[in-house]
Amino acid sequence: MPGFRKAGMIVLSSPSGAGKTTLVKKISKNRNYSISISHTTRLPRPNEKNGKDYFFISKNNFKKLIKKKEFLEHAKVFDNYYGSSKKLVIDKLKKGQNIVFDIDWQGTRQIKNKNLNYKLVTIFILPPSKNELLKRLTKRENKNMKTVKKRMKEFKKDLSRWKEYDYVVINDNLQKCYKNIMKIIKRKNKIVFDKNETSKAILISAISLFLIIISDGPKTNRDEESVNYLRNYFLHFDI
Ligand code: ADP
Ligand code: 5GP
(Lines give C-alpha, C1' and ligand atoms only; values in the text may rest on other atoms or scores of the structure.)
(Ligands and ions follow the chains in the order given, each with its own letter.)
Protein backbone atom coordinates (compact mmCIF):
# COMPACT_ATOMS: atom_id res chain seq x y z
CA MET A 1 0.00 0.00 0.00
CA PRO A 2 1.39 3.44 -0.79
CA GLY A 3 2.03 5.70 2.18
CA PHE A 4 1.54 3.89 5.42
CA ARG A 5 2.08 0.17 6.04
CA LYS A 6 -1.09 0.20 8.11
CA ALA A 7 -3.77 2.69 7.07
CA GLY A 8 -3.23 6.15 8.52
CA MET A 9 -4.92 9.49 9.02
CA ILE A 10 -3.78 12.65 7.26
CA VAL A 11 -5.15 15.93 8.55
CA LEU A 12 -5.03 19.17 6.54
CA SER A 13 -5.94 22.47 8.18
CA SER A 14 -5.45 26.08 7.13
CA PRO A 15 -6.96 29.53 7.24
CA SER A 16 -10.13 29.40 5.14
CA GLY A 17 -9.42 29.69 1.41
CA ALA A 18 -5.80 28.51 1.47
CA GLY A 19 -6.71 25.47 -0.63
CA LYS A 20 -7.08 22.46 1.65
CA THR A 21 -10.34 21.19 0.13
CA THR A 22 -8.75 21.30 -3.33
CA LEU A 23 -5.69 19.46 -1.99
CA VAL A 24 -7.67 16.85 -0.06
CA LYS A 25 -9.64 16.03 -3.23
CA LYS A 26 -6.41 15.68 -5.19
CA ILE A 27 -4.85 13.39 -2.56
CA SER A 28 -7.97 11.20 -2.48
CA LYS A 29 -7.53 10.40 -6.19
CA ASN A 30 -4.64 8.12 -5.22
CA ARG A 31 -5.43 4.46 -4.70
CA ASN A 32 -6.14 3.66 -1.03
CA TYR A 33 -6.76 7.28 -0.04
CA SER A 34 -10.23 8.35 0.93
CA ILE A 35 -11.74 11.61 2.17
CA SER A 36 -13.54 11.79 5.48
CA ILE A 37 -16.76 13.43 4.30
CA SER A 38 -17.89 15.67 7.14
CA HIS A 39 -21.34 16.54 8.38
CA THR A 40 -22.15 20.23 8.48
CA THR A 41 -25.01 22.57 9.29
CA ARG A 42 -23.80 25.17 6.76
CA LEU A 43 -25.71 25.63 3.51
CA PRO A 44 -24.24 24.00 0.38
CA ARG A 45 -22.32 26.18 -2.10
CA PRO A 46 -23.77 26.08 -5.66
CA ASN A 47 -21.33 23.38 -6.82
CA GLU A 48 -21.51 21.23 -3.67
CA LYS A 49 -23.38 17.93 -3.52
CA ASN A 50 -24.85 16.22 -0.47
CA GLY A 51 -22.92 13.05 0.37
CA LYS A 52 -20.00 14.02 -1.86
CA ASP A 53 -18.70 17.28 -0.43
CA TYR A 54 -20.50 17.16 2.91
CA PHE A 55 -23.53 15.61 4.54
CA PHE A 56 -25.65 18.75 4.89
CA ILE A 57 -27.87 18.41 7.95
CA SER A 58 -29.92 20.63 10.26
CA LYS A 59 -28.62 21.91 13.62
CA ASN A 60 -31.16 19.68 15.37
CA ASN A 61 -29.93 16.56 13.62
CA PHE A 62 -26.34 17.57 14.28
CA LYS A 63 -27.07 17.85 18.00
CA LYS A 64 -28.72 14.42 17.93
CA LEU A 65 -25.57 12.93 16.39
CA ILE A 66 -23.44 14.57 19.10
CA LYS A 67 -25.68 13.03 21.78
CA LYS A 68 -25.39 9.62 20.15
CA LYS A 69 -21.58 10.04 20.18
CA GLU A 70 -21.43 9.49 16.42
CA PHE A 71 -18.62 11.99 15.85
CA LEU A 72 -14.93 11.26 16.04
CA GLU A 73 -14.58 15.02 16.50
CA HIS A 74 -16.80 18.02 16.01
CA ALA A 75 -16.53 21.79 16.30
CA LYS A 76 -18.28 25.08 15.70
CA VAL A 77 -16.55 27.03 12.93
CA PHE A 78 -17.78 30.37 11.50
CA ASP A 79 -21.21 29.99 13.19
CA ASN A 80 -21.82 26.48 11.83
CA TYR A 81 -21.22 23.00 13.16
CA TYR A 82 -18.90 20.52 11.48
CA GLY A 83 -18.05 16.94 12.44
CA SER A 84 -16.34 13.77 11.23
CA SER A 85 -18.33 10.54 11.43
CA LYS A 86 -16.63 7.98 13.66
CA LYS A 87 -18.19 5.03 11.82
CA LEU A 88 -17.30 6.23 8.30
CA VAL A 89 -13.69 6.87 9.30
CA ILE A 90 -13.07 3.73 11.34
CA ASP A 91 -14.75 1.43 8.78
CA LYS A 92 -12.50 2.77 6.02
CA LEU A 93 -9.36 2.60 8.15
CA LYS A 94 -10.16 -1.02 8.96
CA LYS A 95 -10.40 -1.71 5.24
CA GLY A 96 -6.90 -0.29 4.78
CA GLN A 97 -7.94 3.10 3.38
CA ASN A 98 -5.79 6.09 4.39
CA ILE A 99 -8.20 8.80 5.50
CA VAL A 100 -7.67 12.44 4.57
CA PHE A 101 -9.38 15.04 6.77
CA ASP A 102 -10.13 18.67 5.91
CA ILE A 103 -10.87 19.93 9.41
CA ASP A 104 -10.01 22.87 11.64
CA TRP A 105 -7.57 23.06 14.59
CA GLN A 106 -10.23 22.17 17.17
CA GLY A 107 -11.04 18.90 15.42
CA THR A 108 -7.35 18.16 14.89
CA ARG A 109 -6.75 18.54 18.63
CA GLN A 110 -9.61 16.16 19.42
CA ILE A 111 -8.29 13.50 17.03
CA LYS A 112 -4.76 13.86 18.44
CA ASN A 113 -6.07 13.46 21.98
CA LYS A 114 -7.94 10.28 21.06
CA ASN A 115 -4.63 8.49 20.45
CA LEU A 116 -6.23 6.07 18.01
CA ASN A 117 -4.23 3.06 17.01
CA TYR A 118 -3.55 4.53 13.55
CA LYS A 119 -0.72 6.71 12.36
CA LEU A 120 -1.55 10.38 12.23
CA VAL A 121 0.18 13.16 10.31
CA THR A 122 -1.03 16.73 10.63
CA ILE A 123 -0.24 19.32 7.95
CA PHE A 124 -0.93 23.06 8.06
CA ILE A 125 -1.43 24.77 4.69
CA LEU A 126 -0.44 28.41 4.28
CA PRO A 127 -1.50 30.78 1.51
CA PRO A 128 1.37 32.56 -0.27
CA SER A 129 0.03 35.91 1.00
CA LYS A 130 -3.00 37.52 2.59
CA ASN A 131 -3.86 39.23 -0.71
CA GLU A 132 -3.85 35.96 -2.59
CA LEU A 133 -6.06 34.46 0.11
CA LEU A 134 -8.52 37.32 -0.32
CA LYS A 135 -8.54 36.70 -4.09
CA ARG A 136 -9.16 32.97 -3.66
CA LEU A 137 -11.94 33.48 -1.13
CA THR A 138 -13.64 36.18 -3.24
CA LYS A 139 -13.60 33.88 -6.26
CA ARG A 140 -14.85 30.84 -4.35
CA GLU A 141 -17.57 32.72 -2.49
CA ASN A 142 -18.78 34.30 -5.73
CA LYS A 143 -18.08 37.80 -4.42
CA ASN A 144 -20.31 37.23 -1.35
CA MET A 145 -18.26 39.78 0.59
CA LYS A 146 -20.06 39.19 3.90
CA THR A 147 -18.77 35.60 3.99
CA VAL A 148 -15.37 36.64 2.64
CA LYS A 149 -15.00 39.31 5.34
CA LYS A 150 -16.02 36.92 8.12
CA ARG A 151 -13.39 34.41 7.02
CA MET A 152 -10.67 37.02 6.45
CA LYS A 153 -11.36 38.37 9.95
CA GLU A 154 -10.37 34.99 11.39
CA PHE A 155 -7.25 34.69 9.22
CA LYS A 156 -4.71 35.80 11.82
CA LYS A 157 -6.20 33.68 14.59
CA ASP A 158 -6.38 30.65 12.29
CA LEU A 159 -2.81 31.21 11.12
CA SER A 160 -1.52 31.15 14.69
CA ARG A 161 -2.50 27.46 14.96
CA TRP A 162 0.34 26.34 12.67
CA LYS A 163 2.46 25.52 15.72
CA GLU A 164 0.20 22.61 16.64
CA TYR A 165 0.88 20.77 13.36
CA ASP A 166 3.63 18.35 12.35
CA TYR A 167 4.30 20.05 9.00
CA VAL A 168 3.66 23.39 7.36
CA VAL A 169 3.41 23.74 3.57
CA ILE A 170 2.76 26.85 1.45
CA ASN A 171 0.14 26.44 -1.27
CA ASP A 172 1.46 28.76 -3.93
CA ASN A 173 1.64 26.50 -6.96
CA LEU A 174 -1.04 23.83 -6.47
CA GLN A 175 0.85 20.98 -8.13
CA LYS A 176 4.04 21.71 -6.22
CA CYS A 177 2.19 21.90 -2.93
CA TYR A 178 0.40 18.62 -3.67
CA LYS A 179 3.68 16.90 -4.49
CA ASN A 180 5.25 18.13 -1.25
CA ILE A 181 2.31 16.85 0.75
CA MET A 182 2.56 13.44 -0.92
CA LYS A 183 6.25 13.41 -0.09
CA ILE A 184 5.45 14.05 3.56
CA ILE A 185 2.76 11.41 3.57
CA LYS A 186 4.99 8.86 1.96
CA ARG A 187 7.59 9.62 4.58
CA LYS A 188 10.35 10.49 2.16
CA ASN A 189 11.06 13.42 4.44
CA LYS A 190 12.26 11.98 7.69
CA ILE A 191 12.08 15.21 9.66
CA VAL A 192 10.50 14.86 13.07
CA PHE A 193 8.92 17.83 14.76
CA ASP A 194 9.95 17.92 18.43
CA LYS A 195 6.81 18.79 20.38
CA ASN A 196 8.77 19.61 23.56
CA GLU A 197 10.78 22.46 22.13
CA THR A 198 10.27 26.06 23.20
CA SER A 199 8.23 28.20 20.82
CA LYS A 200 11.38 29.91 19.54
CA ALA A 201 12.91 26.56 18.72
CA ILE A 202 9.63 25.49 17.17
CA LEU A 203 9.76 28.51 14.90
CA ILE A 204 13.28 27.58 13.85
CA SER A 205 12.21 23.98 13.27
CA ALA A 206 9.32 25.16 11.19
CA ILE A 207 11.59 27.39 9.16
CA SER A 208 13.94 24.47 8.53
CA LEU A 209 10.97 22.35 7.67
CA PHE A 210 9.74 24.97 5.24
CA LEU A 211 13.11 25.00 3.61
CA ILE A 212 13.03 21.29 3.16
CA ILE A 213 9.55 21.43 1.75
CA ILE A 214 10.26 24.41 -0.49
CA SER A 215 13.56 23.07 -1.73
CA ASP A 216 12.09 19.66 -2.57
CA GLY A 217 14.31 17.69 -0.23
CA PRO A 218 16.76 18.03 2.64
CA LYS A 219 19.72 20.25 1.87
CA THR A 220 22.87 20.81 3.83
CA ASN A 221 23.37 24.39 2.58
CA ARG A 222 20.31 26.33 3.59
CA ASP A 223 19.11 29.12 1.40
CA GLU A 224 19.37 32.38 3.39
CA GLU A 225 16.76 34.07 1.25
CA SER A 226 14.16 31.42 2.05
CA VAL A 227 14.93 31.62 5.76
CA ASN A 228 14.38 35.37 5.69
CA TYR A 229 11.25 35.02 3.62
CA LEU A 230 9.71 32.62 6.10
CA ARG A 231 10.84 34.55 9.14
CA ASN A 232 9.28 37.66 7.62
CA TYR A 233 6.10 35.73 6.84
CA PHE A 234 5.54 35.13 10.52
CA LEU A 235 6.84 38.51 11.70
CA HIS A 236 4.52 40.18 9.20
CA PHE A 237 1.52 38.57 10.90
CA ASP A 238 3.02 39.01 14.35
CA ILE A 239 2.94 35.28 15.05
P1 ADP B 1 -10.09 25.83 1.72
O2 ADP B 1 -10.68 24.46 1.65
O3 ADP B 1 -8.77 25.87 2.39
O4 ADP B 1 -11.04 26.83 2.31
P5 ADP B 1 -10.34 25.75 -1.20
O6 ADP B 1 -9.70 24.45 -1.54
O7 ADP B 1 -11.83 25.83 -1.25
O8 ADP B 1 -9.81 26.31 0.22
O9 ADP B 1 -9.69 26.84 -2.17
C10 ADP B 1 -10.16 28.20 -2.20
C11 ADP B 1 -10.14 28.69 -3.66
O12 ADP B 1 -8.77 28.80 -4.09
C13 ADP B 1 -10.82 27.73 -4.63
O14 ADP B 1 -11.51 28.51 -5.60
C15 ADP B 1 -9.65 26.96 -5.28
O16 ADP B 1 -9.96 26.54 -6.58
C17 ADP B 1 -8.54 28.01 -5.26
N18 ADP B 1 -7.16 27.47 -5.13
C19 ADP B 1 -6.74 26.45 -4.35
N20 ADP B 1 -5.41 26.28 -4.47
C21 ADP B 1 -4.97 27.22 -5.33
C22 ADP B 1 -3.68 27.57 -5.88
N23 ADP B 1 -2.57 26.91 -5.54
N24 ADP B 1 -3.61 28.60 -6.73
C25 ADP B 1 -4.75 29.30 -7.08
N26 ADP B 1 -6.00 29.01 -6.62
C27 ADP B 1 -6.10 27.99 -5.75
P1 5GP C 1 -16.01 25.31 4.76
O2 5GP C 1 -17.29 25.94 5.23
O3 5GP C 1 -15.12 26.31 4.05
O4 5GP C 1 -16.24 24.08 3.95
O5 5GP C 1 -15.21 24.87 6.06
C6 5GP C 1 -14.97 25.80 7.10
C7 5GP C 1 -13.98 25.23 8.08
O8 5GP C 1 -14.53 24.08 8.72
C9 5GP C 1 -12.66 24.78 7.47
O10 5GP C 1 -11.61 25.19 8.33
C11 5GP C 1 -12.75 23.28 7.46
O12 5GP C 1 -11.50 22.65 7.56
C13 5GP C 1 -13.56 23.05 8.73
N14 5GP C 1 -14.21 21.74 8.73
C15 5GP C 1 -14.79 21.09 7.70
N16 5GP C 1 -15.25 19.89 8.10
C17 5GP C 1 -14.92 19.77 9.41
C18 5GP C 1 -15.11 18.75 10.39
O19 5GP C 1 -15.67 17.68 10.15
N20 5GP C 1 -14.63 19.01 11.64
C21 5GP C 1 -14.00 20.17 11.97
N22 5GP C 1 -13.55 20.30 13.21
N23 5GP C 1 -13.80 21.14 11.07
C24 5GP C 1 -14.27 20.95 9.82
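Calculation notes
Residues numbered from 1 in each chain as written. Chains lettered and ligands numbered in written order. Predicted model: local features only at pLDDT ≥ 70, side-chain atom pairs only at ≥ 80, totals over all residues. Heavy atoms only, no water. Buried < 20%, exposed > 50% of the residue type's maximum accessible area, 1.4 Å probe, protein only. Helix = DSSP H or I, 4+ residues; strand = E, 2+ residues; numbered from the N terminus. Pairing = 2+ DSSP bridges. Contact = heavy atoms within 4.5 Å. Axes fitted to C-alpha atoms, helices over the stretch in contact; angles between N-to-C directions. Near = heavy atom within 4 Å. Polar contact = N/O pair within 3.5 Å; in protein donor to acceptor, adjacent residues only side chain to side chain. Areas by Shrake-Rupley, 256 points an atom, 1.4 Å probe, with all protein chains shown as cover. Nonpolar A, V, L, I, M, F, W, Y, C, P; charged D, E, K, R; others polar.

(A) Summary view of the pairing of strand 7 (residues 98-102). In terms of residue burial, strand 7 counts as a mostly covered element, since 5 of its 5 residues are buried. Burial along strand 7 is two-sided: Asn98, Val100 and Asp102 and Ile99 and Phe101, pointing in opposite directions, are all buried.

(B) Looking closely at the sheet that holds strand 5 (residues 71-77). Pairing in this open sheet of 4 strands is mixed, and the strands run 4-3-6-5 from one edge to the other. Each edge of the sheet is formed by a strand with only one pairing partner; in this case those strands are strand 4 (55-56) and strand 5. The sheet contact formed by strand 3 (residues 39-40) and strand 4 spans 2 bridges and is parallel. Bridge pairing in strand 4 places Thr40 opposite Phe56. Each of strand 4, strand 5 and strand 6 (80-85) touches helix 3 (residues 86-94); the most contacted strand, strand 6, lies at about 30 degrees to it.

(C) Examining the sheet that holds strand 7 more closely. Here we have 5 strands laid out as an open sheet, ordered 2-7-1-8-9, and parallel in their pairing. The open sheet has two free edges, formed respectively by strand 2 (33-35) and strand 9 (167-170), since each of these has just one partner strand. When strand polarity is set aside, the average angle formed by the axes of neighbouring strands in this sheet is 25 degrees. Where strand 1 (residues 8-13) meets strand 7, 4 bridges bridge the pair, whose relative direction is parallel. Residue pairing for strand 7: Val11 is matched across the bridge by Phe101. Of the strands in this sheet, strand 1, strand 7 and strand 8 (119-126) are in contact with helix 4 (residues 105-114), which crosses strand 1 at around 155 degrees.

(D) Spotlight on the site of ligand 1. As a matter of local geometry, ligand 1 sits amid 14 residues, with Gly17, Thr21, Thr22, Arg140 and Asn171 nearest to it. Between ligand 1 and Ala18, the relevant distance is 3.3 Å, taken from an oxygen atom to a main-chain nitrogen or oxygen of the residue. The side chain of Arg136 places a nitrogen or oxygen atom 3.2 Å from a nitrogen atom of ligand 1. About the coverage of ligand 1: the protein hides 80% of its 570 Å² of free accessible area. Where the shell around ligand 1 is concerned, the elements lending two or more residues are helix 1 (20-27) and helix 5 (130-140). Of the residues contributing to the shell around ligand 1, the split by class is 2 nonpolar, 7 polar and 5 charged.

(E) Quick peek at the site of ligand 2. Close to ligand 2 lie 17 residues; Ser38, Arg42, Tyr54, Tyr82 and Arg151 are nearest. Within the contact set of ligand 2, an oxygen atom lies 2.8 Å away from a side-chain nitrogen or oxygen of Arg45. At 2.7 Å, a side-chain N or O of Arg151 approaches an oxygen atom of ligand 2. Protein chains bury 97% of the 510 Å² of accessible surface belonging to ligand 2 in isolation.

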